[in-house]
Amino acid sequence: MKSILFCCLANSARSQMAEGLARRMFGAGVRVQSAGSRPSQLNPLAVTAMSEIGIDISGQRAKSVETIDSGGVDTVVTLCAEAVCPVFLGNVRRLHWSIADPADGEPSLTQEQRLERFRVARDQIHQRLAVLNALRDLPEGPAAAEFHASVRVKDLADSARFYAWLLGGQPREWTHRFATFIRSDLHLNFVLLVSDGKELHHDTLYHLGIAVPNKSAVIAAYHLARAAGWHVEKPPRTTWLGTPLHELWLKDPDGNLVEVYARLTEEEHAQRPSDAQPIFLT
């Protein structure tokens, strides 16, 4: 993303605040513009709401989308919650963020109530921009072939019935403590685990995970994670306890444990040590 355009109808509030937020967030490396299909004038309450977070947009002006050079834009974000949004021609990436028009309030609202609507819109735009910014220059990650998730349930039978209905098939296997659903067409491995007060942790059953093709891919995922700056909870290892796997444990920014795993080949199964202790791969 080298040039982004924010559009709404009047180019008076939402797109103007988005422009100011993006300029501060993206810096000089991204060209930031805003425009509207029926431009009016910059709303003073937008200026006030932005000044509260240290951004001065008082020098910005409303402009028509027709004045924007389509050849100089690679990403367009429309912010209208109305039925009709501006149309911008060109071969660009298009995102739509439905943000209610803060200027479209009841006449009976006080000035403070009107300003609060602008604050809400500002903060909603800011959070969406933060995600967009986080996805810029995304480093290379592992090539996942399957997604695994597990949830704790109070009644295994009731939950097995519900998820069999939801996922369109019966679990592949179940015991008194868990039921496993496999959907190869969705690349899904989903486990229900009874919440019975017994210890549950990442060595007994992982909560999130992705499958990769083989041991080499697990090791490669480790190096990719290190290069990207992600937290490595446990480096790659081969384990024969429970389900025999090559595995790598990561921790996401909120502390959730994620396993990158590959199932063992028959030849690798045959190499199981007599004590069945894990073998670290790096």
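Everything discussed here concerns the structure shown above.
Draft legend 1. Representation of the packing of helix α1 (residues 14-26) against helix α2 (residues 44-51) in the model. The geometry of α1 relative to α2 is characterised by a closest axis approach of 10 Å and an angle of 30° between their N-to-C directions. Comparing their axes, α2 and α1 come out roughly parallel. The handedness of the crossing between α1 and α2 comes out as right-handed. For the pair formed by α1 and α2, the contact residues are Met17, Gly20 and Leu21 on the first element and Ala46, Ala49 and Met50 on the second. Here the contact of α1 with α2 is built from residues that sort into five nonpolar, one polar and no charged.

Draft legend 2. Summary view of the sheet that holds strand β13 (residues 279-280). Read from one edge of the open sheet, nine strands run β6-β7-β8-β5-β9-β12-β11-β10-β13, paired in mixed fashion. In this open sheet, the two edge strands, each paired with only one partner strand, are β6 (173-174) and β13. The pairing of strand β5 (residues 146-153) with strand β9 (residues 208-211) spans four bridges and is classified as antiparallel. In the sheet register, alanine 149 faces β9, and the bridge partner there is leucine 208.

Draft legend 3. Main features of helix α5 (residues 215-228). Spanning 14 residues, α5 covers 20 Å between terminal C-alpha atoms, matching the ideal 20 Å at 1.5 Å per step. Of all the positions in α5, only Ala217, Val218, Ala221, Tyr222 and Ala225 are classed as buried. Axial view of α5: buried residues confined to an arc of 150°, hence all on one face. For α5, the exposed residues set more than 90 degrees away from the buried face come down to Ser216, Arg226 and Ala227. On its buried side, α5 packs onto β10 (231-239), β11 (245-251) and β12 (257-263). Capping the start of α5 is the job of one residue whose side-chain oxygen sits 3.2 Å from the backbone nitrogen of serine 216: asparagine 214. Just downstream of α5 lies glycine 229, where phi reads positive at about 85°.

Draft legend 4. Representation of unusual backbone geometry in the model. Backbone geometry at asparagine 11 places phi at a positive 50°, although glycine is not the residue there. Mapped onto the fold, asparagine 11 is located in the loop between β1 (3-8) and α1. Under the relative-accessibility criterion, asparagine 11 is labelled buried at 0%. At aspartate 137, a position not held by glycine, the phi torsion is positive, near 50°. Tracing the backbone through its elements, the reader meets aspartate 137 in the loop between α3 (111-134) and β5. Residue aspartate 137 is classed as exposed on the basis of its relative accessible area, which comes to 73%.

Procedures and definitions
- Residues numbered from 1 in each chain as written.
- Predicted model: local features only at pLDDT ≥ 70, side-chain atom pairs only at ≥ 80, totals over all residues.
- Heavy atoms only, no water.
- Axes fitted to C-alpha atoms, helices over the stretch in contact; angles between N-to-C directions.
- Helix = DSSP H or I, 4+ residues; strand = E, 2+ residues; numbered from the N terminus.
- Parallel < 35°, antiparallel > 145°, perpendicular 65-115°, else oblique.
- Left-handed = near helix turned anticlockwise from the far one by under 90°.
- Contact = heavy atoms within 4.5 Å.
- Nonpolar A, V, L, I, M, F, W, Y, C, P; charged D, E, K, R; others polar.
- Pairing = 2+ DSSP bridges.
- Expected span 1.5 Å × (residues − 1).
- Buried < 20%, exposed > 50% of the residue type's maximum accessible area, 1.4 Å probe, protein only.
- Arc of directions from axis to C-beta.
- Polar contact = N/O pair within 3.5 Å; in protein donor to acceptor, adjacent residues only side chain to side chain.

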